[in-house]
Amino acid sequence: MQQGDGNLRVGVLGVQGSVKEHMDKLKLIKGIEAVEAKDRDTILTLDALIIPGGESTAIGKILVDFGLKDAILKLNERKVPIWGTCAGMILMAKHIVNDERIHLGIMDITVRRNAYGSQIDSFKTRLMIPAVSENEIEAVFIRAPYIESVGDGVRILAKYEGKIVAAQQDNLLATSFHPELTDDLSFYRYFLRL
Ligand code: GLN
């Protein structure tokens, strides 16, 4: 679905976390109108949505309190592309091994929160992800989750030390790491092709 000016309206859920960083990246891509989406009416107008990293428990609570959860579920019913980075991945997961709170529960993945330890265990690495880029991609992990297992229909895009750190299911994309904190736009381009 495109708006009148022909631009794709790509939203960043503007609740908490690395919202500005994602917005700055989107503004570098031609043919995109970057929208900070903070309310349900705005969410419902989007052609694609990014759920940024931050704190999944805080974002998850706000989603419910402000009626944003239903709007995101509607987007998903319409098969609008949704990409969760880090906390965003946790919010999309149907199963979380070390937390009983399930938030959106839309993607058939089982995640482990804070799987790499605490804030000081954050790190950077380079990953080869053939579906996304022919070059290595820099990946920044900040108190990141990984995916322990995936359901049928989920495509594993990347692993790091044997653990799944990027996956896709139809219109849904999830990454453990933060492409908004690097100079590489290839994950954005991959997402916008979904
Ligand atoms: N540890 C956070 C959580 O569990 C996610 C961290 C991040 O998004 N950088 O929600």
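Fair warning: this is a prediction, and the values are worked out from it, not measured in the lab. (Residues numbered from 1 in each chain as written. Predicted model: local features only at pLDDT ≥ 70, side-chain atom pairs only at ≥ 80, totals over all residues. Heavy atoms only, no water.)

### Describing helix α4 (residues 68–77)
Taken as a whole, α4 has its buried residues at L68, A71, I72, L75 and N76. Buried positions in α4, seen along its axis, are confined to an arc of 145° and lie on one side of it. Structurally, α4 contributes buried residues whose contacts are with β1 (8–13), α2 (40–44), β3 (48–51), α3 (56–65), β4 (82–85) and β12 (172–175). (Buried < 20%, exposed > 50% of the residue type's maximum accessible area, 1.4 Å probe, protein only. Helix = DSSP H or I, 4+ residues; strand = E, 2+ residues; numbered from the N terminus. Arc of directions from axis to C-beta. Contact = heavy atoms within 4.5 Å.)

### Some details on the pairing of strand β2 (residues 32–37)
Where β1 meets β2, 6 bridges bridge the pair, whose relative direction is parallel. The residue bridging V10 from the neighbouring strand is A34, located in β2. (Pairing = 2+ DSSP bridges.)

### Some details on the site of the ligand
Within the structure, the ligand sits among G53, G54, E55, S56, C86, A87, I90, R113, N114, I142, R143 and H178. Note that an oxygen atom of the ligand is positioned 2.9 Å from one of the backbone N or O atoms of G54. With respect to the ligand, the backbone of S56 contributes an N or O atom lying 2.7 Å from an oxygen atom. A total of 300 Å² of accessible area belongs to the ligand in isolation, and the protein chains cover 97% of it. Spatially, the ligand is embedded in the largest pocket. Its residues assigned to classes, the shell around the ligand shows 4 nonpolar, 5 polar and 3 charged. (Near = heavy atom within 4 Å. Polar contact = N/O pair within 3.5 Å; in protein donor to acceptor, adjacent residues only side chain to side chain. Areas by Shrake-Rupley, 256 points an atom, 1.4 Å probe, with all protein chains shown as cover. 1 Å grid on protein atoms, 1.4 Å probe; cavity = no way out; pocket = protein on both sides within 12 Å on 5 of 7 lines; lining within 4 Å. Sits in = over half its atoms within 2 Å of the grid points. Nonpolar A, V, L, I, M, F, W, Y, C, P; charged D, E, K, R; others polar.)

### Section: the layout of surface pockets
There is about 160 Å³ of room inside the largest pocket. Looking at the largest pocket, it is lined by 14 residues, and the ones nearest its centre are G54, C86, A87, I142 and R143. Its residues assigned to classes, the lining of the largest pocket comprises 4 nonpolar, 7 polar and 3 charged. (Points joined across faces, edges and corners; volume = space filled by probe spheres on them.)

### Regarding unusual backbone geometry
One non-glycine residue, R143, lies in the positive phi region at around 40°. As for its position among the elements, R143 is in the loop between β8 (136–141) and β9 (146–150). Positive phi outside glycine occurs at E161, with the angle close to 50°. Note on placement: E161 falls in the loop between β10 (155–160) and β11 (163–169).

### Here's the deal with the pairing of β1
Within a regular strand, side chains alternate between the sheet's two faces. In terms of residue burial, β1 counts as a mostly covered element, since 5 of its 6 residues are buried. For the crossover that starts at β1, traverses helix α1 (residues 19–26) and ends in the parallel β2, the hand is right-handed. In the sheet, β1 pairs with β3 via 3 bridges, with the strands oriented parallel. Bridge assignment links G11 to a residue of β3, and that residue is L49. (Right-handed = clockwise from strand over helix to strand, strands pointing away.)

### Focus: the packing of aromatic side chains
Here the structure, examined in full by the defined rule, presents 12 aromatic pairs. For the pair W83 and F187, a centre-to-centre distance of 6.0 Å together with 25° between the ring planes defines the contact as stacked. Taken together, the positions of W83 in strand β4 and F187 in helix α6 (residues 186–193) put the pair 104 residues apart, joining distant regions of the chain. Each member of the pair, W83 together with F187, is buried. By the ring-pair criterion, three or more aromatic residues cluster together here, those being W83, Y116, F123, F141, Y146, Y160, F177, F187, Y188, Y190 and F191. (Phe/Tyr/Trp six-rings, centres within 6.5 Å; stacked < 30°, edge-to-face > 60°.)

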